[in-house]
Amino acid sequence: LRGALPEGCELRVLSPLEEARYEYLGMRQYCSASDGMLSMGGKSMQIARGDALYSLPFAMHIGYDVLRDSAGSWPARIGACEALYRQRAAREREAQDLQLDGRFVCVTDTVIPASEMGITDRDLPRDALLRMLGERVEELRSAADERANKSVTVHAARVLLLLAVVEALFAQSSSFIFRTDFCVSWPAGYLS
């Protein structure tokens, strides 16, 4: 691949914190400088606030694998996924000394489950968001076995991930908004 690049071009993989920085720069083109950012991808999550950048080395894919591949009933797989995300979030809270506070703009793949739940484009206090996510988890838990339905399985993995991360890492006084009026990606921040 490097050989196919024009002379003078460089190919390299971004670090997770570089991804966080560039996404945050892209987001801040549309938001207040005091807003933090919560971003979700398939393999990691990024969080930024002020000069602080964090990357969680897990995301939707590990929960999706549990929901799709684990033995047991659908409710048991929901419970296993929930426990795994909570354990990973608690581990990162300790490892990175995370206890975040303030208003966070939720971007990238966080917006997808929020859109599916109808909770976009409004400020949500942490406890209200946790209640809504918890209610959605209970709806998913009581549904028929959805392992064959990839879109429901992906949705469940994202909802469970958001629930665990918001619960473990953000102070009770935090609030969240899932913005649909712009799209954020690391290239937007890189080019800004």
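A brief structural summary. (Residues numbered from 1 in each chain as written. Predicted model: local features only at pLDDT ≥ 70, side-chain atom pairs only at ≥ 80, totals over all residues. Heavy atoms only, no water.)

Right, let's get into the packing of aromatic side chains. Inspection of every chain in the model, using the stated rule, returns four aromatic pairs. Measuring from ring centre to ring centre gives 4.4 Å for Tyr30 and Phe182, while their planes differ by 10°; the resulting arrangement is stacked. Taken together, the positions of Tyr30 in the loop between helix H1 (16–28) and strand E1 (36–40) and Phe182 in the loop between strand E6 (175–178) and helix H7 (186–191) put the pair 152 residues apart, joining distant regions of the chain. By relative accessible area, which is 9% here, Phe182 ends up buried. Judged by centre distance (5.0 Å) and plane angle (80°), the rings of Phe170 and Phe176 are edge-to-face. (Phe/Tyr/Trp six-rings, centres within 6.5 Å; stacked < 30°, edge-to-face > 60°. Helix = DSSP H or I, 4+ residues; strand = E, 2+ residues; numbered from the N terminus. Buried < 20%, exposed > 50% of the residue type's maximum accessible area, 1.4 Å probe, protein only.)

This brings us to the sheet that holds strand E5 (residues 124–125). Strand order in this open sheet of six strands is E3-E2-E1-E4-E6-E5, and the pairing throughout is mixed. Strands at the two margins of the open sheet, each flanked by one partner only, are strand E3 (52–56) and E5. As judged from the four bridges shared by E1 and strand E2 (residues 45–49), these two strands associate in the antiparallel manner. Considered in E2, the bridge of Leu38 is made with Ile47. (Pairing = 2+ DSSP bridges.)

With that settled, consider the packing of helix H2 (residues 60–69) against helix H3 (residues 74–95). The interhelical angle for the contact between H2 and H3, taken along N-to-C directions, is 155°, at an axis separation of 8 Å. Considered as vectors, H2 and H3 are oriented roughly antiparallel to each other. Our pair here, H2 against H3, has a crossing hand that is right-handed. Residue-level inspection shows Met60, Ile62, Gly63, Tyr64, Val66 and Leu67 of H2 in contact with H3, the latter providing Trp74, Arg77, Ile78, Ala80, Cys81, Leu84, Tyr85 and Arg88. Each residue belonging to the contact of H2 with H3 can be placed in one class, and the counts come to 11 nonpolar, one polar and two charged. (Axes fitted to C-alpha atoms, helices over the stretch in contact; angles between N-to-C directions. Parallel < 35°, antiparallel > 145°, perpendicular 65-115°, else oblique. Left-handed = near helix turned anticlockwise from the far one by under 90°. Contact = heavy atoms within 4.5 Å. Nonpolar A, V, L, I, M, F, W, Y, C, P; charged D, E, K, R; others polar.)

What follows concerns the nonpolar core. Grouped together as the largest cluster of nonpolar side chains are 47 residues, with contacts concentrated most on Ile47, Tyr85, Val165 and Phe170. Setting aside anything within four residues of it in sequence, one finds Ile47 in contact with Met37, Leu38, Ala52, Leu53, Tyr54, Leu56, Leu100, Phe104, Leu169 and Phe170. Counting 10 residues, the second-largest nonpolar core is a separate cluster that includes Ala48, Val105, Phe182 and Val184. (Core = buried A, V, L, I, M, F, W, Y, C linked by side-chain atoms within 4.5 Å.)

This part covers the state of the cysteines. Following the criterion strictly, the structure yields zero disulfides and no others. Free cysteine Cys31: the closest other cysteine sulfur is in Cys106, separated by 10 Å. Here Cys183 is not disulfide-linked; the sulfur of Cys31 is the nearest cysteine sulfur, at 12 Å. (Disulfide = S-S within 2.5 Å.)

Take the side chain of Glu18 next. Note that Glu18 resides in helix H1. When residues no more than four places from it in sequence are discounted, the contact partners of Glu18 are Arg12 and Val13.

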